[in-house]
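What follows is the residue order along each chain.
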Amino acid sequence: AQTVTQSQPEMSVQEAETVTLSCTYDTSESNYYLFWYKQPPSRQMILVIRQEAYKQQNATENRFSVNFQKAAKSFSLKISDSQLGDTAMYFCAFMKNGGGGADGLTFGKGTHLIIQP
Amino acid sequence: DVKVTQSSRYLVKRTGEKVFLECVQDMDHENMFWYRQDPGLGLRLIYFSYDVKMKEKGDIPEGYSVSREKKERFSLILESASTNQTSMYLCASSLVGQPMNTEAFFGQGTRLTVV
């Protein structure tokens, strides 16, 4: 079984600042995916970014990027030029490769990010 | 766009009632999931299904059952609701096969209160 740990229950930054959310995980799998999901007050879960474990290059999506350290089992999310609309719960998640994805995602407990005007 | 629709956003039920939470997806996804979300605990997997009539237990199946009679519909059943099942319930779906199965699509959640 795998576990995902998010050690920051809540963070608050000023608009336009850069913020980094931490995530560590534990698994015996060698091939897997890691994700960051965003859940705004509307409750709709939105995929922010995904990383394949076999890829050394860190994934980026516009203002969002990750720092993936496979040996350390660390997967942090960096949000640059933060905006008010980034205020949300952010969940780090793990999915093992294989099995058609039917096993689902293992989530961390979440980080509540607040962007202050 | 993929749409995952949960039948209710808010639901209030009495202890001991049988409760049905319905989820429908419109993109012919094979995989469907039910998660429970509680503050400070994140999302936890209750049950999942990879095909019609197939179901597998997740991490916290006790007190729940599921039904998948049609590919697009996945129902979560609380046989006898209890107050400790008060929670937010999220349904999700995904395709089989990579890389498509690496993106799960979620419904907007049902906030269930058991009184």
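As the structure is a computational prediction, the values presented were derived from the model and not from experiment.

A. Quick look at the interface of chain A and chain B. Taken together, the 23 residues of chain A in the interface contact 30 residues of chain B. Here chain A is connected to chain B by one salt bridge. The salt bridge partner of Arg50(A) is Glu103(B), with a shortest N-O separation of 3.8 Å. Counting across the interface, chain A meets chain B through seven residue pairs in polar contact (both at pLDDT 80 or more). Secondary structure elements with two or more residues in the side of chain A that touches chain B: strand S5 (32-39), strand S6 (46-52) and strand S10 (88-96) of chain A. Counting residues per element, the side of chain A that touches chain B draws most heavily on S5(A), at four residues. When the residues that make up the side of chain A that touches chain B are grouped by side-chain class, the tally is 10 nonpolar, nine polar and four charged.

B. Expanded view of the state of the cysteines. Residue and element names in this part refer to chain A. In the structure shown here, the tally under the stated rule is two disulfides over all chains. Two residues, Cys23 and Cys92, share a disulfide whose sulfurs are 2.0 Å apart. An S-S torsion of about -70° defines the bridge between Cys23 and Cys92 as left-handed. You can see Cys23 sitting in the loop between strand S3 (19-21) and strand S4 (24-26) and its partner Cys92 sitting in strand S10, a full 69 residues away along the chain.

C. Just the sheet that holds strand S8 (residues 73-78) of chain B, in detail. All names here are of chain B. The strand order across the open sheet built from four strands is S1-S3-S8-S7, with neighbouring strands paired in antiparallel fashion. Since the sheet does not close on itself, it has two edges, and those belong to strand S1 (4-6) and strand S7 (64-70), each with one partner. Neighbour-to-neighbour, the strand axes of this sheet turn through a mean angle of 20°, independent of strand direction. Bridge count between S1 and strand S3 (residues 19-25): three bridges; the pairing is antiparallel. Bridging from a neighbouring strand, Thr5 pairs with Val24 of S3.

D. Expanded view of the packing of aromatic side chains. As enumerated under the stated definition, the model contains 16 aromatic pairs over all chains in all. With a centroid separation of 5.4 Å and an interplanar angle of 65°, the aromatic rings of Tyr25(A) and Tyr32(A) are classed as edge-to-face. Here Tyr25(A) matches Tyr32(A) in class, with each residue buried. When the centroid spacing of 6.3 Å and the interplanar angle of 20° are considered together, the rings of Trp36(A) and Phe75(A) count as stacked. Of this pair, Trp36(A) sits in strand S5 while Phe75(A) sits in strand S9 (residues 74-79); the two residues are 39 residues apart in sequence, bridging distant segments of the chain. Of the residues examined, Trp36(A) reaches a relative accessible area of 0% and is grouped as buried. For Phe75(A), a relative accessible area of 0% corresponds to the buried category. What links up through ring pairs into an aromatic cluster is the set Tyr33(A), Phe35(A), Tyr37(A), Phe91(A), Phe107(A), Phe33(B), Tyr35(B), Phe48(B) and Phe106(B). Taking the ring centre of Tyr10(B) as reference, the NZ or CZ of Arg43(A) above it sits at 5.1 Å.

E. Region of interest: the pattern of salt bridges. All names here are of chain B. In total, this model carries 10 salt bridges over all chains according to the counting rule given. The shortest N-O distance in the salt bridge between Arg36 and Asp38 comes to 2.8 Å. Like Asp38, Arg36 is buried. The network of salt bridges with shared partners includes Arg36, Asp38 and Arg44.

F. Representation of the pairing of S9(A) within the structure. Residue and element names in this part refer to chain A. Of all six residues in S9, five are buried; the element is thus mostly enclosed. Sheet topology places strand S8 (residues 64-69) next to S9; six bridges connect them, and they run antiparallel. Across the sheet, the residue bridging to Gln69 is Ser74, located in S9. In this structure, the hairpin formed by S8 and S9 is closed by a connection of four residues, where Lys73 is found at a positive phi of approximately 55°.

About the cut-offs
Residues numbered from 1 in each chain as written. Chains lettered and ligands numbered in written order. Predicted model: local features only at pLDDT ≥ 70, side-chain atom pairs only at ≥ 80, totals over all residues. Heavy atoms only, no water. Contact = heavy atoms within 4.5 Å. Salt bridge = Lys/Arg side-chain N within 4 Å of Asp/Glu carboxyl O. Polar contact = N/O pair within 3.5 Å; in protein donor to acceptor, adjacent residues only side chain to side chain. Helix = DSSP H or I, 4+ residues; strand = E, 2+ residues; numbered from the N terminus. Nonpolar A, V, L, I, M, F, W, Y, C, P; charged D, E, K, R; others polar. Disulfide = S-S within 2.5 Å. Pairing = 2+ DSSP bridges. Axes fitted to C-alpha atoms, helices over the stretch in contact; angles between N-to-C directions. Phe/Tyr/Trp six-rings, centres within 6.5 Å; stacked < 30°, edge-to-face > 60°. Buried < 20%, exposed > 50% of the residue type's maximum accessible area, 1.4 Å probe, protein only. Lys NZ or Arg CZ within 6 Å of the ring centre and 35° of its normal.

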